[in-house]
Amino acid sequence: MKLWQNVKGYVCISVKGFSKERFLNLLAANDIYVWDIGYFGNTIKLSLTVSGFRRIRPLLKKTHCRIKILSKHGFPFIIEKYKNRYLFNLGFCLFWVSVFALSQFIWLLEINGNSTVSDAEILAFCKSRNVCAGTYKHAVDIEKLKTDIRKKYPQISWISVVQRGTKLSVNIAENVPDVSVPSDAEPCDIISVKDCVITEIIAQNGTPAVNVGEAVKKGDILIRSDFDMLDENGTPAPLYPAHSAGKVRGKWSEELSFDFPYLADIKIYTGKTHVLRKISIFGIEFDTNFLKKDTKFKKYDIINKNTQLNLGVDYPLPVIIKKKIFKEYEMTEKLYSKEEAEKAASLAADRKLMSTLPQNCDILDKQIEFIHSGDHVKVMIKLLLEDDIGVITGGNVFNGTNEAAN
Amino acid sequence: MEHNFIKTAFFDNLDLPKDILFDIPVITVTGKNELTVDNYKNIRDFSDKQITVNTKSSKIIITGTEISISCLTKETLIVKGCFKTLEFG
């Protein structure tokens, strides 16, 4: 109710006089809606609508009351206040017109879910189809864009293009790349890709050729494609070659060693930063740094941060603030004590393992040994690893790489 | 009187609400801070300590502090404030 009165406009007045109660009764009798009537000393304050206010003059005369307008609220009074400010009104209208006009274009192309095809490739392809930041959004044929992208990139199995506000999101799901695996009907063996000791063997199809605990060499057959079967007379049945399937895991040990010097150069950030800002409007860059175009720092890291202004999530604007942050650092030499060197070296070893070991590999055992000598510590890591080692091969075709197994 | 007696008997027997016919005020008190009077006649006296409302049957005197009228129409009167007493004079 109060909100609606704000839209229609209302006034707060104070009433003075001898028979204020009579005035209130007359207001009610004349169907003039009043609310928030309060008593303050000799006066009463009340709120009433604009149309009601126009009708109270005869009632005031009748009751010999006097009124004073305390405040005016609501939309009609705001309009009245700004009616004669032409430039302000023009600016206000231009603002809404420009917001509407700018929202008719696409200002952000978002690509999700791609792994083999890069963002830049898809953006370039969209640009060649006249879909880029600044395109009139109603001119974009989404269905055609979808089919074009799918035709161009056959590895994309599913695509959805959603245009919301000034944002066009391209969501993609990619196929797993084809691995040349012999078809189900074709007979094949499973062979080892590594020298190792078998820890687990489960043959779903075919005959296991090795036992658990047995050492195998790279290329050895683990699951054979033929079945050893006897018929009901006890004589060997004719061989039916099968398409071998199963899971074979093996363990093997690996050694890794590297030197870690006691005296090391380390980066220490001084905490000083220098920021250069650029504003890009409609793709045109404006430099805001008029005096300092470059940094004074001698050694620094650069961090680039781009922020696109937006109105809510779905309405990005064609204004991008590009920040270039220079972080100063100094190289200092640090002399590690033996304990510190061991700690730092084991951390470095973990990082190295993370980057070198295959993803699905299990570490059964890890032993780190430090040998202190001269100006460095030698780190020896002995690992016992376990992984899937079987790979399907069609007859003699075998490329012998671990990637083929994955 | 005879007429009124018949009316009363009629409404009593049928369990009909009496305020429809007799213009009897309906007073609804919500907690101790809000009071609604329907079918009132007029306001006799109004200040922040006391409000007296005339109705067809009797007058209603409400006393308290910070009394104000939050809504005033031809039929309904909503009084707000911190009430102490409600009397029928």
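Structure shown above.
Residues numbered from 1 in each chain as written. Chains lettered and ligands numbered in written order. Predicted model: local features only at pLDDT ≥ 70, side-chain atom pairs only at ≥ 80, totals over all residues. Heavy atoms only, no water.

### A look at the overall build of chain B
Next up, step 1: Across its full length, chain B holds two helices and six strands.
Next up, step 2: Shown N-terminal to C-terminal, the secondary structure of chain B runs as helices and strands in the order α-α-β-β-β-β-β-β.
Next up, step 3: With the C-alpha coordinates of chain B rotated into their principal frame, the extents come out at 45 × 25 × 25 Å.
Next up, step 4: Split into buried and exposed, the 89 residues of chain B put 33% on the buried side.
Next up, step 5: Roughly 5,400 Å² of accessible area belongs to chain B as shown, and the carbon and sulfur atoms make up 54% of that amount.
Next up, step 6: Once the 11 positive and 12 negative side-chain charges of chain B are each reduced to a mean point, those two points are 6 Å apart. (Helix = DSSP H or I, 4+ residues; strand = E, 2+ residues; numbered from the N terminus. Buried < 20%, exposed > 50% of the residue type's maximum accessible area, 1.4 Å probe, protein only. Areas by Shrake-Rupley, 256 points an atom, 1.4 Å probe, with all protein chains shown as cover. Lys, Arg positive; Asp, Glu negative; His and termini not counted. Charge placed at Lys NZ, Arg CZ, Asp CG, Glu CD.)

### Regarding a nonpolar patch on the surface
All names here are of chain A.
Next up, step 1: A cluster of nonpolar side chains, contributed by Phe75, Ile78 and Ile79, occupies part of the molecular surface with about 290 Å² of accessible area.
Next up, step 2: Mapped onto the secondary structure, Phe75 falls in helix α5 (residues 75-82).
Next up, step 3: The class of Phe75 is partly exposed, set by a relative accessible area of 48%. (Patch = residues over 30% accessible without salt bridge, like charges linked within 9 Å, V, L, I, M, F, W, Y side chains within 5 Å. Salt bridge = Lys/Arg side-chain N within 4 Å of Asp/Glu carboxyl O.)

### So, the interface of chain A and chain B
Next up, step 1: The interface is formed by 15 residues belonging to chain A together with 15 residues belonging to chain B.
Next up, step 2: When residues of chain A are sorted by the area they lose upon contact with chain B, Glu21(A), Ile37(A) and Tyr39(A) head the list and together hold 41% of the total.
Next up, step 3: Between chain A and chain B we count zero salt bridges in total.
Next up, step 4: Examining the composition of the side of chain A that touches chain B, we find that six residues originate from one element, strand β2 (residues 34-40) of chain A, more than from any other.
Next up, step 5: Of the residues that constitute the side of chain A that touches chain B, the class distribution is 10 nonpolar, two polar and three charged. (Contact = heavy atoms within 4.5 Å. Buried area = accessible area lost by both parts, 1.4 Å probe. Nonpolar A, V, L, I, M, F, W, Y, C, P; charged D, E, K, R; others polar.)

### Some points on helix α9 (residues 338-356) of chain A
Residue and element names in this part refer to chain A.
Next up, step 1: Here α9 contains 19 residues, and its C-alpha end-to-end distance of 26 Å stays within 8% of the 27 Å for a straight helix at 1.5 Å per residue.
Next up, step 2: Among the residues of α9, those classed as buried are Ala341, Ala344, Ala345, Ala348, Ala349 and Leu353.
Next up, step 3: Packing partners of the buried residues in α9 comprise β13 (245-261), β18 (362-373) and β19 (376-388). (Expected span 1.5 Å × (residues − 1).)

### Focus on the sheet that holds strand β6 (residues 156-164) of chain A
Residue and element names in this part refer to chain A.
Next up, step 1: Judged by pairing direction, the sheet is mixed, and its three strands sit side by side in the order β5-β7-β6 without closing on themselves. The two strands at the open ends of the sheet, each matched to only one other strand, are β5 (108-112) and β6. When strand polarity is set aside, the average angle formed by the axes of neighbouring strands in this sheet is 15 degrees.
Next up, step 2: Relative to the sheet, helix α7 (residues 119-128) contacts β5 and β7 (167-174), its axis offset from that of β5 by approximately 135 degrees. (Pairing = 2+ DSSP bridges. Axes fitted to C-alpha atoms, helices over the stretch in contact; angles between N-to-C directions.)

### What to know about unusual backbone geometry
All names here are of chain A.
Next up, step 1: Phi angles above zero are rare outside glycine, and Asp36 is one such case at about 50 degrees.
Next up, step 2: Its place among the elements puts Asp36 in strand β2.
Next up, step 3: Judged by its relative accessible area of 38%, Asp36 is partly exposed.
Next up, step 4: The backbone of His64 shows a phi angle near 55 degrees, a positive value even though the residue is not glycine.
Next up, step 5: Tracing the sequence through the fold places His64 in the loop between α4 (57-63) and β4 (65-73).
Next up, step 6: Taking the relative accessible area as the measure of exposure, His64 reaches 67% and is therefore exposed.

### A look at the layout of surface pockets
All names here are of chain A.
Next up, step 1: By volume, the second largest pocket amounts to about 470 Å³.
Next up, step 2: Together, 20 residues line the second largest pocket, and Trp107, Cys132, Ala133, Gly283 and Ile320 are the ones closest to its centre.
Next up, step 3: Those elements that place two or more of their residues in the lining of the second largest pocket are β5, α7, β16 (300-310) and β17 (316-335).
Next up, step 4: When its residues are assigned to classes, the lining of the second largest pocket shows 11 nonpolar, six polar and three charged.
Next up, step 5: Residue-level mapping places the lining of the second largest pocket at the junction of two domains, with at least three residues from each of domain 2 (108-174) and domain 5 (264-333). (1 Å grid on protein atoms, 1.4 Å probe; cavity = no way out; pocket = protein on both sides within 12 Å on 5 of 7 lines; lining within 4 Å. Points joined across faces, edges and corners; volume = space filled by probe spheres on them. Domains from an automatic or database assignment.)

### Things to note about the environment of Leu222(A)
Residues and elements named next belong to chain A.
Next up, step 1: Checked against the element boundaries, Leu222 lands in strand β12 (residues 221-224).
Next up, step 2: In this structure Leu222 comes out as buried when scored by relative accessible area, which is 0%.
Next up, step 3: Residues Leu222 and Ile389 lie 167 residues apart in sequence; the distance between their C-alpha atoms is 9.4 Å.

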